[in-house]
Amino acid sequence: MKKATKKKWSDYLWIAELCYLFLGLFNILFAWLGMLFFCIPLFVAIFGGSKAYCNRYCGRGQLLGLLGEKLKLSRNVPPPKFLRSPWFRYGFLTFFMIMFGLMLFSTYRVFTGAPLSQTVTLLWVFKLPWQWADVSFVAPWIGQFAFGFFGVMLTSTIVGLVTMVLFRPLSWCVYCPMGTMTQGICKLRNGKKSKEYGRTGKEDSRTAEGAGQ
Amino acid sequence: MILSRKMASIGKECVACGCCTRVCPKEAIQIAWGISARVDQEKCVGCGKCAKVCPAAVIDIVERGAAQ
């Protein structure tokens, strides 16, 4: 018998993710709202010591789940081994952070007087002209950050959609930089506690051994 | 209490995404401390729904003795 589950407000956060992408297309400054998707998971991990954001409130995860499971857009096969390996996960996190750092650097350059570049970089390579965006009413660096950050968000959405289609719906979660970072923070915070619990708990022992690593 | 013959077993490369917790009909899986999923052996019936959705493919359905 299927479990009766009552929908909660948090089950509709995929709408927020969609709104974010559409709003960014109409006004690039909405890209700044994406900082919420960046900061909230980190705050939850640092101060709450959990991945509650990933587990319940991630709009992107919900959207990928809907497209892959409900609309059956996913091939639903396990991702290849290399994609699941810690090397790839931490490597992708490093790459992502370097690209994020470069984006912050270009924002800094505009802050110090360099001209604003009205382009959104997709997949770290393709520079899309974004001339229709009017950012004349804010400081140029605010506009530059919006262009850069929207590129980061669009790129990760596209990569997530591609892996959703090719593999399982939430394959993006395996190497999502935010997920890797928050899990790392939780390991630093709770690793010892988790190991101790594993020795006395009645849970699956394979997990208990690995949880604190 | 009669336990099912099989149960889910989580590998150490779990990414704690929580997909398994959402599909478990018995609420037997939890994400412990944001680190990894954990299976409550008494609640798990070994249905395998969690293994089917796990994006990291780290969940195996095993005979009860083998997981311990």
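Presented here is a report on the structure given in the accompanying data block. Computed from a predicted structure; not experimentally measured. Residue indices begin from 1 for each chain and proceed along its sequence in written order. To label them, take the chains in the order written and letter them from A, then take the ligands in the order written and number them from 1. Local features in a predicted model are, by the rule used here, given only for residues with pLDDT of at least 70; side-chain atom pairs are given and counted only at 80 or more, and totals for whole chains, interfaces and linings are based on all residues. In computing side-chain values, all of the structure's heavy atoms are included and hydrogens and water are not.

1. Observations concerning the overall build of chain A
Consideration 1: Helix numbers and strand numbers start at the N terminus; a helix is a DSSP run of H or I with at least 4 residues, a strand a run of E with at least 2. Scanning chain A from N- to C-terminus turns up ten helices and two strands.
Consideration 2: Sequence-ordered secondary structure for chain A, helices as α and strands as β, is α-α-α-α-α-α-β-β-α-α-α-α.
Consideration 3: We call a residue buried when its accessible area falls under 20% of the maximum for its residue type, exposed when it is over 50%, and partly exposed in between, using a 1.4 Å probe and counting protein chains only. Within chain A, buried positions represent 46% of all 213 residues.
Consideration 4: Every residue pair with non-hydrogen atoms within 4.5 Å of one another is taken to be in contact. Within chain A, contacts between residues at least 6 apart in sequence are counted, and of these 77% link residues at least 24 apart.
Consideration 5: Just so you have it, chain A exposes about 11,800 Å², and 70% of that area is on carbon and sulfur atoms. Method for areas: the Shrake-Rupley scheme with a 1.4 Å probe, in which residue coverage is limited to the protein chains shown.

2. Remarks on the interface of chain B and chain A
Consideration 1: With 39 residues of chain B at the contact, the number on the chain A side is 36 residues.
Consideration 2: Computed with a 1.4 Å rolling probe, the buried area is the accessible surface lost when two parts are put together, summed over both parts. Taking both sides of the interface into account, the surface hidden between chain B and chain A amounts to around 3,000 Å²; carbon and sulfur atoms contribute 50%.
Consideration 3: Broken down residue by residue, the surface that chain B buries against chain A is led by B:Trp33, B:Ile35 and B:Arg38, which jointly contribute 25%.
Consideration 4: Salt bridge, as applied in this entry: a Lys or Arg side-chain nitrogen positioned within 4 Å of an Asp or Glu carboxyl oxygen. Our count for the contact surface shared by chain B and chain A stands at zero salt bridges.
Consideration 5: Between N or O atoms, a polar contact is any pair within 3.5 Å; within protein, one atom must be a potential hydrogen donor and the other a potential acceptor, and residues adjacent in sequence are included only when both atoms are from side chains. Viewed at the interface, chain A and chain B are joined by eleven residue pairs in polar contact (both at pLDDT 80 or more).
Consideration 6: When contributions to the side of chain B that touches chain A are tallied by element, the ones reaching two or more residues are strand S1 (6-10), helix H1 (19-23), strand S3 (36-39) and helix H2 (49-53) of chain B.
Consideration 7: In terms of residue class, the side of chain B that touches chain A is made up of 23 nonpolar, seven polar and nine charged. Nonpolar residues are Ala, Val, Leu, Ile, Met, Phe, Trp, Tyr, Cys and Pro. Charged residues are Asp, Glu, Lys and Arg, and all others, Gly as well, are polar.

3. Some words on the nonpolar core
Consideration 1: Core analysis: the biggest nonpolar cluster contains 62 residues, and A:Ile28, A:Trp130, A:Phe149, A:Phe150 and B:Ile59 have the highest contact counts within it.
Consideration 2: The element that contributes the greatest number of residues to this core is helix H7 (residues 140-166) of chain A, accounting for ten residues.
Consideration 3: Setting aside anything within four residues of it in sequence, one finds A:Trp130 in contact with A:Gly24, A:Leu25, A:Ile28, A:Gln118, A:Thr119, A:Val120, A:Phe147, A:Phe150 and A:Leu154. Throughout, nonpolar core names a set of buried Ala, Val, Leu, Ile, Met, Phe, Trp, Tyr and Cys residues whose side chains join them through atoms within 4.5 Å.

4. Examining the environment of B:Val62
Residues and elements named next belong to chain B.
Consideration 1: In this fold, Val 62 is placed in strand S4 (residues 59-63).
Consideration 2: Taking relative accessible area as the criterion, Val 62 reaches 18% and is therefore assigned buried.
Consideration 3: For the pair Val 62 and Ala 8, spaced 54 residues apart in sequence, the C-alpha to C-alpha distance is 6.3 Å.

5. Focus on the pairing of S3(B)
All names here are of chain B.
Consideration 1: By the alternation rule, side chains of S3 split into Ser 36 and Arg 38 and Ala 37 and Val 39, which are all buried.
Consideration 2: Being paired, for any two strands, means DSSP has found at least two bridges between them. Pairing of strand S2 (residues 29-32) with S3 involves four bridges; the strand directions are antiparallel. Each bridged residue has a counterpart across the sheet, and for Gln 30 the counterpart in S3 is Arg 38.
Consideration 3: Hairpin geometry of S2 and S3 is characterised by an intervening segment of three residues between the two adjacent antiparallel strands and by a positive phi of about 55° at Trp 33.

6. Some details on helix H4 (residues 59-70) of chain A
Residues and elements named next belong to chain A.
Consideration 1: Multiply 1.5 Å by the residue count of a helix minus one, and that product is the helix's expected span. Its twelve residues give H4 an end-to-end C-alpha distance of 15 Å, which sits within 8% of 16 Å, the value for a rise of 1.5 Å per residue.
Consideration 2: Taken together, the buried positions of H4 are occupied by Gly 59, Arg 60, Gly 61, Gln 62, Leu 63, Leu 64, Gly 65, Leu 67 and Gly 68.
Consideration 3: Looking at the buried side of H4, the elements it contacts are helix H1 (13-26), helix H3 (52-57), H7 and helix H8 (172-175).
Consideration 4: Lys 72 sits one or two residues past H4 and shows a positive phi near 55°.

7. Re the side chain of A:Thr180
Residue and element names in this part refer to chain A.
Consideration 1: Mapped onto the elements of the fold, Thr 180 is located in helix H9 (residues 177-200).
Consideration 2: By relative accessible area, Thr 180 is classed as buried at 1%.
Consideration 3: What Thr 180 contacts, discounting residues up to four positions off in sequence, is Arg 89, Tyr 90, Leu 93, Val 174 and Tyr 175.

8. Thoughts on the packing of aromatic side chains
Residues and elements named next belong to chain A.
Consideration 1: Only Phe, Tyr and Trp rings take part, Trp by its six-membered ring, and two of them pair if their centres are within 6.5 Å. Stacked means planes under 30 degrees apart, edge-to-face means over 60, and tilted covers everything else. Per the counting criterion, the structure on display carries 23 aromatic pairs over all chains.
Consideration 2: Taking the centre distance of 5.1 Å and the plane angle of 85° together, the rings of Phe 92 and Tyr 175 count as edge-to-face. Here Tyr 175 lies in helix H8 and Phe 92 lies in helix H6 (residues 86-111), a separation of 83 residues in the sequence. For the pair shown, Phe 92 and Tyr 175 are each scored as buried.
Consideration 3: Residues Trp 172 and Tyr 175 carry aromatic rings whose centres are separated by 5.1 Å and whose planes lie at 75° to one another, so their mutual orientation is edge-to-face.

9. A short note on the packing of H1(A) against H7(A)
Residue and element names in this part refer to chain A.
Consideration 1: For the pair H1 and H7, interaxial distance at closest approach is 11 Å and the crossing angle is 135°. With respect to each other, H1 and H7 are oriented oblique. For H1 against H7, the interelement crossing comes out left-handed. Here Glu 17, Tyr 20, Leu 21, Gly 24 and Leu 25 of H1 lie close against H7, whose contacting residues are Phe 149, Phe 150, Met 153, Leu 154 and Thr 157. Between N-to-C directions, angles cover 0 to 180 degrees, with each direction set by a line fitted to C-alpha atoms, over the stretch in contact for helices. Any angle that falls under 35 degrees is termed roughly parallel, while one over 145 is termed roughly antiparallel, one within 65 to 115 roughly perpendicular, and all others oblique. Here a crossing is taken to be left-handed if its near helix is turned anticlockwise relative to the far helix by less than a right angle, and right-handed if that turn runs clockwise.

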